[in-house]
Amino acid sequence: MKLIIAVVQDKDSNRLSNALIKSNFRATKLASTGGFLKAGNTTFMIGVEDEKIDEAIGVIKANCKVRDQLVSSVSPVGGTTDSYIPFPIEVQVGGAAVFVVPVEKFEHF
Amino acid sequence: MKLIIAVVQDKDSNRLSNALIKSNFRATKLASTGGFLKAGNTTFMIGVEDEKIDEAIGVIKANCKVRDQLVSSVSPVGGTTDSYIPFPIEVQVGGAAVFVVPVEKFEHF
Amino acid sequence: MKLIIAVVQDKDSNRLSNALIKSNFRATKLASTGGFLKAGNTTFMIGVEDEKIDEAIGVIKANCKVRDQLVSSVSPVGGTTDSYIPFPIEVQVGGAAVFVVPVEKFEHF
Ligand code: NI
Ligand code: NI
Ligand code: NI
């Protein structure tokens, strides 16, 4: 048994929760800040059997890895603030830091 | 020295806190969600000397284990919504997931 | 790689965050309560290479260790509640509990 401690962006948190449940992993979530990720983030604690570690990390990677995303931005046209045209810009979102910690004993009751 | 990480139901959190203090264990509490327990829960981190691990787990078990509890429910009588009679139903409450993690170094200052 | 889990007083939290960033350590912060420290506190999780553990603990110690601090108190004069004179009293602030936990695998993506 290992304890996976994963820090992910808030925007990926719900999707990761659902994906973990679908794969029969049980995660406890804690609100966190700072670290790798500038904004608010979520810390997942997941108790995992040794032989399922790679599968669990794969689920995290599939749902949280850094990727570029187009977001709509707005900027003044021609240096004046009279007219604005929305346009897409590419920003980097996602990312996760994953620690696998040994567990000497696990009990649940 | 070990670090016990225990996820328990919110409703057992205060009782467990008091029981740990009475037994001279020092716990740090973090608000958490999800995992074994559907609703909001509390994650306890407890630094414990090796020879006291079983005692600490015993305190958690005594205060958090799954048990049936009678709660008052209310339901319409005779299929209509005109008259309600409160009656007791048995629900399962409590439960804890306990991870014992090795600590290579502990300092406090 | 190790995971440092440090519980510090809220009043030292911002200063410690800044000091860790200045020393190139990346910390994730979680709001916590209880434990060594009576009031609200902050739990830092810091992933650290083995050879930098002592440096990281040094940063925590420098910013969080227990020290006496003069605070302004106010108390009635002469046993009546008519006149109050502010005066300094010495209180103990700070303190940290630091756990170093082994990490079997670390990934970030
Ligand atoms: Ni079970
Ligand atoms: Ni002491
Ligand atoms: Ni990197």
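Here is what the cut-offs are and how they apply
Residues numbered from 1 in each chain as written. Chains lettered and ligands numbered in written order. Predicted model: local features only at pLDDT ≥ 70, side-chain atom pairs only at ≥ 80, totals over all residues. Heavy atoms only, no water. Helix = DSSP H or I, 4+ residues; strand = E, 2+ residues; numbered from the N terminus. Buried < 20%, exposed > 50% of the residue type's maximum accessible area, 1.4 Å probe, protein only. Lys, Arg positive; Asp, Glu negative; His and termini not counted. Salt bridge = Lys/Arg side-chain N within 4 Å of Asp/Glu carboxyl O. Polar contact = N/O pair within 3.5 Å; in protein donor to acceptor, adjacent residues only side chain to side chain. Contact = heavy atoms within 4.5 Å. Buried area = accessible area lost by both parts, 1.4 Å probe. Nonpolar A, V, L, I, M, F, W, Y, C, P; charged D, E, K, R; others polar. Pairing = 2+ DSSP bridges. pLDDT = per-residue confidence, 0-100. Phe/Tyr/Trp six-rings, centres within 6.5 Å; stacked < 30°, edge-to-face > 60°. Core = buried A, V, L, I, M, F, W, Y, C linked by side-chain atoms within 4.5 Å.

- The name that an unreviewed UniProt entry assigns to chain A is Nitrogen regulatory protein P-II family, with the source organism given as Chengkuizengella marina.

Some thoughts on the side chain of Lys29(C)
- Take Lys29(C): it is sitting in strand β2 (residues 27-34).
- Among buried charged residues, Lys29(C) stands out as having no salt bridge; its nearest opposite-charge side chain is Asp10(C), 9.2 Å away.
- Of note is the side chain of Lys29(C), whose polar atom sits 2.9 Å from the side chain of Ser17(C).
- Once residues within four sequence positions are removed from consideration, Lys29(C) is found in contact with Ala31(A), Ser32(A), Thr33(A), Ser13(C), Asn14(C), Ser17(C), Thr42(C), Thr43(C) and Phe44(C).

Points about the interface of chain A and chain C
- The partner chain C presents 18 residues to the 26 residues of chain A that form the contact.
- In this assembly, chain A packs against chain C so that about 1900 Å² is buried in total across both faces, 67% of it on carbon and sulfur atoms.
- As a salt-bridge pair, Glu104(C) and Lys2(A) come within 2.9 Å of each other at their nearest N and O atoms.
- Viewed at the interface, chain C and chain A are joined by seven residue pairs in polar contact (both at pLDDT 80 or more).
- Residue assignment for the side of chain A that touches chain C shows that the elements contributing at least two residues are β1 (2-9), β2 (27-34), β3 (41-48), α2 (53-64) and β6 (96-102) of chain A.
- Ranked by residues supplied to the side of chain A that touches chain C, first place goes to β6(A) with seven residues.
- Counted by class, the side of chain A that touches chain C contains 15 nonpolar, seven polar and four charged residues.
- Here β6(A) runs beside strand β7 (residues 105-108) of chain C; their pairing, made up of four bridges, is antiparallel. What sits directly across from Val100(A), in β7(C), is Lys105(C).

Concerning the confidence of the model for chain A
- Of the residues in chain A, 87% reach a pLDDT of 70 or more, and the chain-wide mean stands at 89.
- Across chain A, element-level confidence peaks in α2(A) with a mean pLDDT of 98 and bottoms out in strand β4 (residues 67-76) of chain A with 78.

Some points on the environment of Val71(A)
Residue and element names in this part refer to chain A.
- The residue Val 71 is located in strand β4 in this model.
- Judged by relative accessible area, which is 30%, Val 71 ranks as partly exposed.
- Through-space distance from the C-alpha of Val 71 to that of Phe 87 is 8.2 Å; in sequence the pair is 16 residues apart.

Some remarks on the packing of aromatic side chains
- Applying the stated rule across the entire model yields three aromatic pairs over all chains.
- A centroid spacing of 4.9 Å and a plane angle of 35° characterise the contact between Phe99(A) and Phe106(C), whose relative ring orientation is tilted. Here Phe99(A), found in strand β6, pairs with Phe106(C), found in strand β7, and the two come from separate chains.

Topic: the nonpolar core
- Residues Leu3(A), Leu3(B), Ile5(B) and Leu3(C) are the most contacted members of the largest nonpolar core, which totals 29 residues.
- Secondary-structure elements contributing two or more residues to this core are β1 and β6 of chain A, β1 (2-9) and β6 (96-102) of chain B together with β1 (2-9) and β6 (96-102) of chain C.

A closer look at the side chain of Asn41(C)
Residues and elements named next belong to chain C.
- Assignment of secondary structure puts Asn 41 in strand β3 (residues 40-48).
- Engagement of the side chain of Asn 41 in a polar contact is seen with the side chain of Ser 32, the distance being 2.4 Å.
- A distance of 3.5 Å separates the side chain of Asn 41 from the backbone nitrogen of Thr 33, its partner in a polar contact.

With respect to the interface of chain C and chain B
- On the side of chain B, 18 residues touch chain C, which itself brings 26 residues to the contact.
- Approximately 1900 Å² of surface area, both sides summed, lies buried where chain C meets chain B, with 67% of it carried by carbon and sulfur atoms.
- Seen at the junction of chain C and chain B, the total is two salt bridges.
- Our count for the contact surface shared by chain C and chain B stands at seven residue pairs in polar contact (both at pLDDT 80 or more).
- Of all the secondary structure elements, the ones that give two or more residues to the side of chain C that touches chain B are β1, β2, β3, α2 (53-64) and β6 of chain C.
- When residues of the side of chain C that touches chain B are assigned to their parent elements, the largest contribution, seven residues, is made by β6(C).
- Within the side of chain C that touches chain B, the residues separate by chemical class into 15 nonpolar, seven polar and four charged.
- Sheet topology places strand β2 (residues 27-34) of chain B next to β2(C); two bridges connect them, and they run antiparallel. Each bridged residue has a counterpart across the sheet, and for Lys29(B) the counterpart in β2(C) is Thr33(C).

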